[in-house]
Amino acid sequence: MCSSMTGFSAATFDMGNGSLALEIRSVNHRYLDIQLRLPDQFRALETILRTSIAEQVTRGKLECRVIFTEHDASRISERINMTMLRQLAQWNTEVRTILPAARELAVAEILHWKGIFEINALTEDKLHESVLSLLRQALLEFNSARAREGEKLKAFLLLHVAQINALLIDIAPRIPVAIKAYEGKLRQRLRDVLAEHDDERLLQEISLYASKIDIDEELARLHTHLIEVERILHKGGTMGKRLDFLMQELHREANTLGSKSPDAEISRASVELKILIEQMREQIQNLE
(Lines give C-alpha, C1' and ligand atoms only; values in the text may rest on other atoms or scores of the structure.)
Protein backbone atom coordinates (compact mmCIF):
# COMPACT_ATOMS: atom_id res chain seq x y z
CA MET A 1 0.00 0.00 0.00
CA CYS A 2 1.20 3.52 -0.84
CA SER A 3 1.33 6.10 1.93
CA SER A 4 1.35 9.86 1.70
CA MET A 5 3.70 11.85 3.92
CA THR A 6 0.91 14.34 4.60
CA GLY A 7 -1.58 13.42 7.30
CA PHE A 8 -3.40 14.43 10.47
CA SER A 9 -5.09 12.62 13.32
CA ALA A 10 -6.25 13.42 16.85
CA ALA A 11 -7.38 11.42 19.85
CA THR A 12 -8.84 12.58 23.17
CA PHE A 13 -9.56 11.02 26.54
CA ASP A 14 -11.55 12.41 29.47
CA MET A 15 -9.70 11.61 32.68
CA GLY A 16 -12.31 12.95 35.09
CA ASN A 17 -10.36 15.91 36.41
CA GLY A 18 -8.95 16.82 33.03
CA SER A 19 -9.00 16.18 29.30
CA LEU A 20 -6.02 14.62 27.55
CA ALA A 21 -5.54 15.17 23.81
CA LEU A 22 -2.89 13.99 21.37
CA GLU A 23 -2.48 15.31 17.81
CA ILE A 24 -0.25 14.08 15.01
CA ARG A 25 0.32 16.04 11.81
CA SER A 26 2.97 15.69 9.13
CA VAL A 27 4.12 17.31 5.90
CA ASN A 28 6.66 16.38 3.23
CA HIS A 29 10.29 16.04 4.22
CA ARG A 30 13.32 14.26 2.81
CA TYR A 31 13.89 12.31 6.00
CA LEU A 32 11.96 11.55 9.20
CA ASP A 33 11.94 14.61 11.46
CA ILE A 34 9.90 14.13 14.66
CA GLN A 35 9.04 17.18 16.74
CA LEU A 36 7.35 16.65 20.11
CA ARG A 37 5.31 19.29 21.92
CA LEU A 38 4.84 17.98 25.47
CA PRO A 39 3.79 19.48 28.81
CA ASP A 40 6.45 19.18 31.50
CA GLN A 41 4.77 16.24 33.23
CA PHE A 42 5.14 14.15 30.05
CA ARG A 43 8.81 14.87 29.27
CA ALA A 44 9.81 11.43 30.53
CA LEU A 45 7.85 9.91 27.63
CA GLU A 46 9.83 11.63 24.89
CA THR A 47 12.05 8.65 24.02
CA ILE A 48 9.27 6.08 23.92
CA LEU A 49 7.05 8.42 21.89
CA ARG A 50 9.80 8.96 19.31
CA THR A 51 10.50 5.22 19.11
CA SER A 52 6.82 4.32 18.72
CA ILE A 53 6.35 6.85 15.92
CA ALA A 54 9.55 5.84 14.11
CA GLU A 55 8.40 2.21 14.07
CA GLN A 56 5.43 3.18 11.87
CA VAL A 57 6.59 6.26 9.95
CA THR A 58 9.75 6.42 7.82
CA ARG A 59 9.65 9.86 6.17
CA GLY A 60 8.07 13.26 6.75
CA LYS A 61 8.27 16.24 9.08
CA LEU A 62 6.00 15.06 11.87
CA GLU A 63 4.72 16.97 14.89
CA CYS A 64 3.19 15.18 17.86
CA ARG A 65 1.45 17.43 20.39
CA VAL A 66 0.12 16.36 23.80
CA ILE A 67 -2.31 18.68 25.57
CA PHE A 68 -3.67 18.25 29.08
CA THR A 69 -6.55 20.58 29.95
CA GLU A 70 -7.51 20.63 33.59
CA HIS A 71 -11.21 20.93 34.44
CA ASP A 72 -12.07 23.78 36.80
CA ALA A 73 -14.08 21.46 39.03
CA SER A 74 -11.08 19.21 39.50
CA ARG A 75 -9.71 21.49 42.22
CA ILE A 76 -12.13 19.81 44.62
CA SER A 77 -10.12 16.60 44.40
CA GLU A 78 -6.78 18.35 44.81
CA ARG A 79 -4.73 19.15 47.87
CA ILE A 80 -1.91 21.60 48.38
CA ASN A 81 1.56 20.33 47.59
CA MET A 82 3.20 20.92 51.00
CA THR A 83 6.71 20.53 49.60
CA MET A 84 6.08 23.27 47.09
CA LEU A 85 4.38 25.44 49.74
CA ARG A 86 7.40 25.17 52.06
CA GLN A 87 9.70 26.01 49.14
CA LEU A 88 7.65 29.12 48.37
CA ALA A 89 7.79 30.15 52.06
CA GLN A 90 11.56 29.74 52.06
CA TRP A 91 11.93 31.74 48.85
CA ASN A 92 9.65 34.43 50.26
CA THR A 93 11.81 34.72 53.42
CA GLU A 94 15.08 34.78 51.48
CA VAL A 95 13.86 37.46 49.08
CA ARG A 96 12.52 39.68 51.88
CA THR A 97 15.78 39.28 53.84
CA ILE A 98 17.70 40.79 50.95
CA LEU A 99 14.91 43.08 49.79
CA PRO A 100 12.97 44.19 52.92
CA ALA A 101 10.69 46.41 50.85
CA ALA A 102 9.44 43.47 48.82
CA ARG A 103 5.88 42.48 49.60
CA GLU A 104 4.94 39.01 50.76
CA LEU A 105 3.31 36.50 48.47
CA ALA A 106 -0.48 36.72 48.54
CA VAL A 107 -2.60 33.61 49.10
CA ALA A 108 -4.17 34.01 45.63
CA GLU A 109 -0.72 34.12 44.04
CA ILE A 110 0.32 30.98 45.89
CA LEU A 111 -2.81 29.08 44.86
CA HIS A 112 -2.12 29.91 41.20
CA TRP A 113 1.51 28.86 41.40
CA LYS A 114 2.37 26.06 38.99
CA GLY A 115 2.62 22.74 40.83
CA ILE A 116 1.08 24.02 44.08
CA PHE A 117 -1.72 21.42 43.88
CA GLU A 118 -1.33 17.67 43.97
CA ILE A 119 -3.80 15.72 41.87
CA ASN A 120 -5.04 12.88 44.00
CA ALA A 121 -7.07 11.16 41.36
CA LEU A 122 -4.27 10.64 38.85
CA THR A 123 -0.82 9.22 39.30
CA GLU A 124 2.04 9.92 36.91
CA ASP A 125 1.93 6.32 35.73
CA LYS A 126 -1.77 6.66 34.91
CA LEU A 127 -1.15 9.83 32.90
CA HIS A 128 1.72 8.25 30.99
CA GLU A 129 -0.30 5.11 30.27
CA SER A 130 -3.12 7.24 28.90
CA VAL A 131 -0.76 9.19 26.63
CA LEU A 132 0.71 6.01 25.15
CA SER A 133 -2.77 4.61 24.61
CA LEU A 134 -3.79 7.80 22.80
CA LEU A 135 -0.65 7.61 20.67
CA ARG A 136 -1.51 4.11 19.50
CA GLN A 137 -5.03 5.23 18.68
CA ALA A 138 -3.84 8.37 16.86
CA LEU A 139 -1.17 6.49 14.89
CA LEU A 140 -3.78 3.99 13.68
CA GLU A 141 -5.98 6.76 12.28
CA PHE A 142 -2.94 8.71 11.05
CA ASN A 143 -1.67 5.77 9.00
CA SER A 144 -5.15 5.06 7.67
CA ALA A 145 -5.47 8.65 6.48
CA ARG A 146 -2.03 8.54 4.87
CA ALA A 147 -2.89 5.26 3.15
CA ARG A 148 -6.12 6.69 1.71
CA GLU A 149 -4.25 9.68 0.35
CA GLY A 150 -1.47 7.40 -0.93
CA GLU A 151 -3.95 5.31 -2.93
CA LYS A 152 -5.24 8.48 -4.60
CA LEU A 153 -1.67 9.42 -5.52
CA LYS A 154 -1.08 5.90 -6.84
CA ALA A 155 -4.12 6.15 -9.13
CA PHE A 156 -2.92 9.55 -10.36
CA LEU A 157 0.56 8.22 -11.16
CA LEU A 158 -0.70 5.07 -12.90
CA LEU A 159 -2.98 7.21 -15.08
CA HIS A 160 0.01 9.33 -16.10
CA VAL A 161 2.07 6.20 -16.84
CA ALA A 162 -0.72 5.08 -19.20
CA GLN A 163 -0.77 8.50 -20.88
CA ILE A 164 3.01 8.43 -21.38
CA ASN A 165 2.84 4.92 -22.84
CA ALA A 166 0.16 6.09 -25.26
CA LEU A 167 2.42 8.95 -26.40
CA LEU A 168 5.34 6.57 -26.94
CA ILE A 169 3.14 4.29 -29.05
CA ASP A 170 2.24 7.31 -31.20
CA ILE A 171 5.87 8.39 -31.56
CA ALA A 172 7.42 5.09 -32.71
CA PRO A 173 5.82 4.87 -36.23
CA ARG A 174 6.85 8.42 -37.09
CA ILE A 175 10.57 7.67 -37.34
CA PRO A 176 10.38 5.58 -40.59
CA VAL A 177 8.09 8.25 -42.04
CA ALA A 178 10.61 10.98 -41.18
CA ILE A 179 13.47 9.00 -42.75
CA LYS A 180 11.43 8.42 -45.93
CA ALA A 181 10.62 12.13 -46.17
CA TYR A 182 14.29 13.00 -45.69
CA GLU A 183 15.27 10.52 -48.41
CA GLY A 184 12.96 12.27 -50.89
CA LYS A 185 14.37 15.69 -50.03
CA LEU A 186 17.94 14.41 -50.28
CA ARG A 187 17.36 12.81 -53.69
CA GLN A 188 15.96 16.06 -55.01
CA ARG A 189 18.90 18.03 -53.56
CA LEU A 190 21.43 15.70 -55.18
CA ARG A 191 19.67 15.92 -58.53
CA ASP A 192 19.94 19.69 -58.31
CA VAL A 193 23.65 19.60 -57.46
CA LEU A 194 24.87 16.64 -59.51
CA ALA A 195 24.40 15.85 -63.18
CA GLU A 196 23.45 12.38 -62.11
CA HIS A 197 22.76 11.34 -58.56
CA ASP A 198 25.27 9.21 -56.70
CA ASP A 199 23.44 6.24 -55.14
CA GLU A 200 26.34 5.41 -52.81
CA ARG A 201 26.53 8.93 -51.47
CA LEU A 202 22.75 8.99 -51.14
CA LEU A 203 22.77 5.82 -49.05
CA GLN A 204 25.55 7.20 -46.85
CA GLU A 205 23.62 10.41 -46.17
CA ILE A 206 20.41 8.53 -45.43
CA SER A 207 22.24 6.13 -43.10
CA LEU A 208 23.88 9.03 -41.26
CA TYR A 209 20.57 10.82 -40.86
CA ALA A 210 18.84 7.65 -39.66
CA SER A 211 21.50 7.12 -36.98
CA LYS A 212 21.14 10.72 -35.78
CA ILE A 213 17.40 10.48 -35.32
CA ASP A 214 17.30 6.89 -34.07
CA ILE A 215 15.29 7.00 -30.84
CA ASP A 216 14.81 3.26 -30.35
CA GLU A 217 17.14 3.25 -27.33
CA GLU A 218 15.36 6.20 -25.73
CA LEU A 219 11.96 4.60 -26.32
CA ALA A 220 13.18 1.29 -24.89
CA ARG A 221 14.60 2.97 -21.77
CA LEU A 222 11.41 4.99 -21.30
CA HIS A 223 9.35 1.79 -21.46
CA THR A 224 11.72 0.07 -18.99
CA HIS A 225 11.51 2.94 -16.50
CA LEU A 226 7.71 3.05 -16.78
CA ILE A 227 7.46 -0.69 -16.11
CA GLU A 228 9.61 -0.17 -13.00
CA VAL A 229 7.38 2.70 -11.85
CA GLU A 230 4.32 0.47 -12.15
CA ARG A 231 6.08 -2.38 -10.33
CA ILE A 232 7.04 -0.13 -7.40
CA LEU A 233 3.55 1.35 -7.16
CA HIS A 234 1.89 -2.08 -7.10
CA LYS A 235 4.42 -3.45 -4.62
CA GLY A 236 3.71 -0.67 -2.09
CA GLY A 237 5.74 0.26 0.96
CA THR A 238 8.33 3.03 1.11
CA MET A 239 8.83 4.22 -2.46
CA GLY A 240 9.19 8.01 -2.66
CA LYS A 241 12.97 8.18 -3.15
CA ARG A 242 13.05 5.39 -5.73
CA LEU A 243 10.26 6.94 -7.75
CA ASP A 244 11.91 10.36 -7.57
CA PHE A 245 15.09 8.85 -9.07
CA LEU A 246 13.06 7.23 -11.87
CA MET A 247 11.45 10.58 -12.66
CA GLN A 248 14.93 12.04 -13.18
CA GLU A 249 15.75 9.20 -15.58
CA LEU A 250 12.46 9.60 -17.46
CA HIS A 251 13.05 13.33 -17.79
CA ARG A 252 16.57 12.74 -19.16
CA GLU A 253 15.27 10.35 -21.84
CA ALA A 254 12.46 12.75 -22.77
CA ASN A 255 15.02 15.53 -23.23
CA THR A 256 17.16 13.32 -25.48
CA LEU A 257 14.05 12.40 -27.43
CA GLY A 258 13.34 16.08 -28.03
CA SER A 259 16.90 16.84 -29.12
CA LYS A 260 16.75 14.02 -31.73
CA SER A 261 13.30 15.04 -32.90
CA PRO A 262 13.03 14.69 -36.72
CA ASP A 263 9.63 16.40 -37.00
CA ALA A 264 7.23 18.72 -35.23
CA GLU A 265 4.95 15.94 -33.94
CA ILE A 266 7.75 14.20 -32.09
CA SER A 267 8.89 17.57 -30.66
CA ARG A 268 5.35 18.17 -29.44
CA ALA A 269 5.17 14.69 -27.95
CA SER A 270 8.50 15.27 -26.18
CA VAL A 271 7.11 18.42 -24.56
CA GLU A 272 3.98 16.53 -23.49
CA LEU A 273 6.14 13.79 -22.03
CA LYS A 274 8.11 16.27 -19.93
CA ILE A 275 4.90 17.91 -18.69
CA LEU A 276 3.45 14.54 -17.61
CA ILE A 277 6.72 13.49 -15.97
CA GLU A 278 6.94 16.79 -14.07
CA GLN A 279 3.35 16.38 -12.86
CA MET A 280 4.25 12.91 -11.61
CA ARG A 281 7.42 14.18 -9.93
CA GLU A 282 5.45 16.85 -8.02
CA GLN A 283 3.03 14.28 -6.64
CA ILE A 284 5.78 11.79 -5.83
CA GLN A 285 7.18 14.36 -3.41
CA ASN A 286 4.13 13.52 -1.25
CA LEU A 287 4.83 9.78 -1.09
CA GLU A 288 6.64 8.20 1.83
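Below, the discussion takes up the pairing of strand 3 (residues 32-37). As paired elements, strand 3 and strand 4 (residues 60-70) share 6 bridges and run parallel to each other. Among the inter-strand pairings, Ile 34 is bridged to a residue of strand 4, identified as Leu 62. Assessed by its sense of winding, the connection that carries the chain from strand 3 through helix 1 (residues 46-54) to strand 4 is left-handed.

Our focus in this paragraph is the confidence of the model for the chain. Per-residue confidence for the chain gives a mean pLDDT of 84, with 83% of residues at or over 70. Of all secondary-structure elements in the chain, the lowest mean pLDDT belongs to helix 6 (residues 199-213), at 61, while strand 3 reaches the highest, 96.

Interhelical geometry of helix 1 versus helix 4 (residues 124-171) gives an angle of 20° and a closest axis separation of 11 Å. When the interaxial angle is binned, helix 1 and helix 4 end up roughly parallel. When the axes of helix 1 and helix 4 are compared, the crossing they make is right-handed. Across from Ile 48, Leu 49, Ser 52 and Ile 53 in helix 1, the residues of helix 4 making contact are Val 131, Leu 132, Leu 135 and Leu 139. Its residues assigned to classes, the contact of helix 1 with helix 4 comprises 7 nonpolar, 1 polar and no charged.

Let us now look at helix 2 (residues 82-98). Helix length check: helix 2, at 17 residues, gives a terminal C-alpha distance of 25 Å against a target of 24 Å (1.5 Å per residue), a fit within 8%. Regarding helix 2, its N-cap is Asn 81, as a side-chain oxygen of that residue lies 3.1 Å from the backbone nitrogen of Thr 83 further along.

Right, let's get into the nonpolar core. Of all hydrophobic cores here, the largest spans 31 residues; its most connected members are Ile 171, Val 229, Leu 243 and Leu 273. If you list the elements that add at least two residues to this core, you get helix 4, helix 7 (216-235), helix 8 (240-259) and helix 9 (264-284). Apart from residues no more than four positions distant in its own chain, Ile 171 is found in contact with Ile 215, Leu 219, Leu 257, Ile 266, Ala 269 and Leu 273. If you look at the next biggest cluster of nonpolar residues, it comprises 25 residues, including Leu 36, Leu 45, Val 131 and Leu 134.

Read from one edge of the open sheet, 4 strands run 1-2-4-3, paired in mixed fashion. In the strand order of this sheet, the two ends are held by strand 1 (7-14) and strand 3, each with one partner. Across this sheet, the average inter-strand angle for adjacent strands is 10°, counted without regard to direction. Taken together, the 10 bridges between strand 2 (residues 18-27) and strand 4 define a ladder with antiparallel strand orientation. Looking at strand 4, one finds that Leu 20 is bridged to Phe 68. Strand contacts of helix 1: strand 3 and strand 4, with the helix running at about 140° to strand 3, the strand carrying the most contacts.

Right, let's talk about a nonpolar patch on the surface for a bit. On the surface, Ile 80, Met 82, Val 107 and Leu 111 cluster together to form a nonpolar patch covering roughly 330 Å² of accessible area. Relative to the assigned elements, Val 107 resides in helix 3 (residues 107-111).

This part is about the pattern of salt bridges. Between side chains of opposite charge, a pair can form as their charged atoms come close. Counted according to the given criterion, the structure contains 15 salt bridges. Note that Arg 281 and Glu 278 form a salt bridge whose closest N and O atoms lie 2.8 Å from each other. Within this pair, Arg 281 and its partner Glu 278 are both found in helix 9, separated by 3 residues, close to a single helical turn. By relative accessible area, Arg 281 is classed as partly exposed at 30%. Residue Glu 278 is classed as partly exposed on the basis of its relative accessible area, which comes to 29%. Taken together, the salt bridges that share partners define one network made up of Glu 217, Glu 218, Arg 221 and Glu 253.

Reading the values: the criteria
Residues numbered from 1 in each chain as written. Predicted model: local features only at pLDDT ≥ 70, side-chain atom pairs only at ≥ 80, totals over all residues. Heavy atoms only, no water. Pairing = 2+ DSSP bridges. Helix = DSSP H or I, 4+ residues; strand = E, 2+ residues; numbered from the N terminus. Right-handed = clockwise from strand over helix to strand, strands pointing away. pLDDT = per-residue confidence, 0-100. Axes fitted to C-alpha atoms, helices over the stretch in contact; angles between N-to-C directions. Parallel < 35°, antiparallel > 145°, perpendicular 65-115°, else oblique. Left-handed = near helix turned anticlockwise from the far one by under 90°. Contact = heavy atoms within 4.5 Å. Nonpolar A, V, L, I, M, F, W, Y, C, P; charged D, E, K, R; others polar. Expected span 1.5 Å × (residues − 1). Polar contact = N/O pair within 3.5 Å; in protein donor to acceptor, adjacent residues only side chain to side chain. Core = buried A, V, L, I, M, F, W, Y, C linked by side-chain atoms within 4.5 Å. Buried < 20%, exposed > 50% of the residue type's maximum accessible area, 1.4 Å probe, protein only. Patch = residues over 30% accessible without salt bridge, like charges linked within 9 Å, V, L, I, M, F, W, Y side chains within 5 Å. Areas by Shrake-Rupley, 256 points an atom, 1.4 Å probe, with all protein chains shown as cover. Salt bridge = Lys/Arg side-chain N within 4 Å of Asp/Glu carboxyl O.

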